[in-house]
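Listed here are the chains, written in short residue letters.
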Amino acid sequence: MRKPIIAGNWKMNKTPSEARELVSALVPLVKDAACDVVVCTPAVDFAAVSEVIKGTNIKLGAENMHWKESGAYTGELSAAMLKESGVEYVILGHSERRQYFGETDVTVNKRVKAALAAGLKVILCVGEMLADRENGVTDELVALQTKIALKDVSAGELKNVIIAYEPVWAIGTGKTATAEQANEVCAVIRSTIKALYGAEAAEGITIQYGGSMNAKNAAELLAQPDVDGGLIGGASLKAPDFAVIVDAATKG
Ligand code: PEP
């Protein structure tokens, strides 16, 4: 049985004092969750959030990291910096990084390998643009992104990888993929993992859906057999909404 995971991606939202307030409200609401609960926050919030979640079931995640150990990479963060700040998970290859910051499949792969080598858990994002879906290449594209991101990642390391299927046209737009669409592409990702690592790895890997998941639509999406959780943007900024999604994952 795969344990579902609900992860919030706060993006460029919440100052440290706002972060403290949000996560403090979340702690009692998700304390009995049967799924894993993660909040991926801006780096300036790590200290405040770490302090609040100490001894709770909420884990801390980052939204990106660089693949180099250190050096002249102004504005970037290394795996060691994340680890020492209490971070356990890192989102890599988010479509906003790909769209606005020049992230490519190759640089995503470098980040994935560096994060895994440092002992972080990776939330690897893949997903098609609207034009790709309209051109009928969603499956091929998502399989390709997955393959390149996981190049030279061992079967052992794969145990620390979660894949988030995030159709770009559904992120922050209020347009959710239907439950069938979400399940279909998550199943494509699972069969890509099967081709690369075998049936056991494919059955074991956690695959999330992300893209305008909210308190209203989460239950239907999370009930799909190949959807093992959610990566949540907008709805993760409201503790009660995020808690409803966590609850839906517990039942889904
Ligand atoms: C995301 O940023 O990963 C995301 C899924 O955002 P939203 O839920 O706002 O669409």
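What comes next is a walk through the structure. (Residues numbered from 1 in each chain as written. Predicted model: local features only at pLDDT ≥ 70, side-chain atom pairs only at ≥ 80, totals over all residues. Heavy atoms only, no water.)

### Brief notes about the overall build of the protein chain
Now for step 1: Check the secondary structure of the protein chain and you find 12 helices and eight strands.
Now for step 2: Relative to its length of 252 residues, the protein chain is compact, with a C-alpha radius of gyration of 17 Å against a globular reference of 18 Å.
Now for step 3: Along the longest, intermediate and shortest principal axes, the C-alpha atoms of the protein chain span 45 × 45 × 35 Å.
Now for step 4: Every one of the 252 residues in the protein chain was classed for burial, and the buried ones make up 51%.
Now for step 5: At a minimum sequence separation of 6, the contacts of the protein chain that also span at least 24 residues come to 72%.
Now for step 6: Total accessible area computed for the protein chain in this model is approximately 11400 Å², and 54% of it derives from carbon and sulfur atoms. (Helix = DSSP H or I, 4+ residues; strand = E, 2+ residues; numbered from the N terminus. Rg over C-alpha atoms; globule rule 2.2 N^0.38 Å. Buried < 20%, exposed > 50% of the residue type's maximum accessible area, 1.4 Å probe, protein only. Contact = heavy atoms within 4.5 Å. Areas by Shrake-Rupley, 256 points an atom, 1.4 Å probe, with all protein chains shown as cover.)

### A few points about the side chain of Ser 78
Now for step 1: Within the secondary structure layout, Ser 78 lies in the loop between β3 (58–62) and α3 (79–84).
Now for step 2: In this structure, Ser 78 is in contact with His 66, Lys 68 and Glu 69, ignoring residues within four places of it in sequence.

### So, the site of the ligand
Now for step 1: The immediate surroundings of the ligand are formed by 14 residues, with Lys 11, Glu 166, Gly 172, Ser 212 and Gly 233 found nearest.
Now for step 2: Contact between the ligand and Gly 172: an oxygen atom at 2.6 Å from a main-chain N or O atom of the residue.
Now for step 3: Bound to the protein, the ligand loses 96% of the 290 Å² it would expose on its own.
Now for step 4: Residue composition of the shell around the ligand, grouped by class: four nonpolar, eight polar and two charged. (Near = heavy atom within 4 Å. Polar contact = N/O pair within 3.5 Å; in protein donor to acceptor, adjacent residues only side chain to side chain. Nonpolar A, V, L, I, M, F, W, Y, C, P; charged D, E, K, R; others polar.)

### So, the sheet that holds strand β2 (residues 36–40)
Now for step 1: Strand order around the closed barrel formed by eight strands is β1-β2-β3-β4-β5-β6-β7-β8, with parallel pairing between neighbours. Going across the sheet, the axis of each strand differs from the next one's by a mean of 25°, ignoring polarity.
Now for step 2: Where strand β1 (residues 5–9) and β2 come together, five bridges link them in parallel fashion. Looking across to β2, one finds that Ile 6 is bridged to Val 37.
Now for step 3: Contacting β5 (121–126) and β6 (161–165), helix α7 (residues 138–149) runs over the sheet at an angle of about 150° to β5.
Now for step 4: Helix α9 (residues 179–197) contacts β5, β6 and β7 (206–210) of the sheet and is inclined by roughly 145° relative to β6. (Pairing = 2+ DSSP bridges. Axes fitted to C-alpha atoms, helices over the stretch in contact; angles between N-to-C directions.)

### Concerning the packing of α7 against α9
A pair of packed helices is captured by two measures, namely the crossing angle of their axes and the spacing between those axes.
Now for step 1: The geometry of α7 relative to α9 is characterised by a closest axis approach of 9 Å and an angle of 45° between their N-to-C directions. Between α7 and α9, the angle is such that the two are oblique. Handedness of the crossing formed by α7 with α9: right-handed. When α7 is examined against α9, the residues Thr 138, Asp 139, Val 142, Ala 143, Thr 146 and Lys 147 are found in contact with a partner set consisting of Val 185, Val 188, Ile 189, Thr 192, Ile 193 and Leu 196. (Parallel < 35°, antiparallel > 145°, perpendicular 65-115°, else oblique. Left-handed = near helix turned anticlockwise from the far one by under 90°.)

### Things to note about the pattern of salt bridges
Now for step 1: As enumerated under the stated definition, the model contains 14 salt bridges in all.
Now for step 2: We note a salt bridge from Glu 51 to Arg 20, for which the minimum N-O separation is 3.3 Å. Placement of the pair is Glu 51 in helix α2 (residues 46–53) and Arg 20 in helix α1 (residues 16–29), with a sequence separation of 31 residues.
Now for step 3: The class for Arg 20 is partly exposed, based on a relative accessible area of 33%.
Now for step 4: With a shortest N-O distance of 2.5 Å, Arg 190 and Asp 226 are connected by a salt bridge. Of this pair, Arg 190 sits in helix α9 while Asp 226 sits in the loop between α11 (218–222) and β8 (229–232), and the two are 36 residues apart along the sequence.
Now for step 5: You can call Arg 190 buried: its relative accessible area is 5%.
Now for step 6: Linked by salt bridges that have partners in common, Arg 2, Arg 190, Glu 203, Asp 226 and Asp 228 make up one network. (Salt bridge = Lys/Arg side-chain N within 4 Å of Asp/Glu carboxyl O.)

### Quick word on the packing of aromatic side chains
Now for step 1: Applying the stated criterion across every chain, the model contains two aromatic pairs.
Now for step 2: Taking 6.5 Å as the distance between ring centres and 85° as the angle between the ring planes, the aromatic pair formed by Tyr 100 and Phe 101 counts as edge-to-face. You'll find Tyr 100 and Phe 101 in the same group, each marked exposed.
Now for step 3: Sitting above the plane of the Phe 101 ring, Arg 97 keeps its charged end 4.1 Å from the centroid.
Now for step 4: Sitting over the ring of Tyr 89, Lys 121 keeps its end group 5.5 Å from the ring centre. (Phe/Tyr/Trp six-rings, centres within 6.5 Å; stacked < 30°, edge-to-face > 60°. Lys NZ or Arg CZ within 6 Å of the ring centre and 35° of its normal.)

Coordinates in, geometry out; function isn't part of it.
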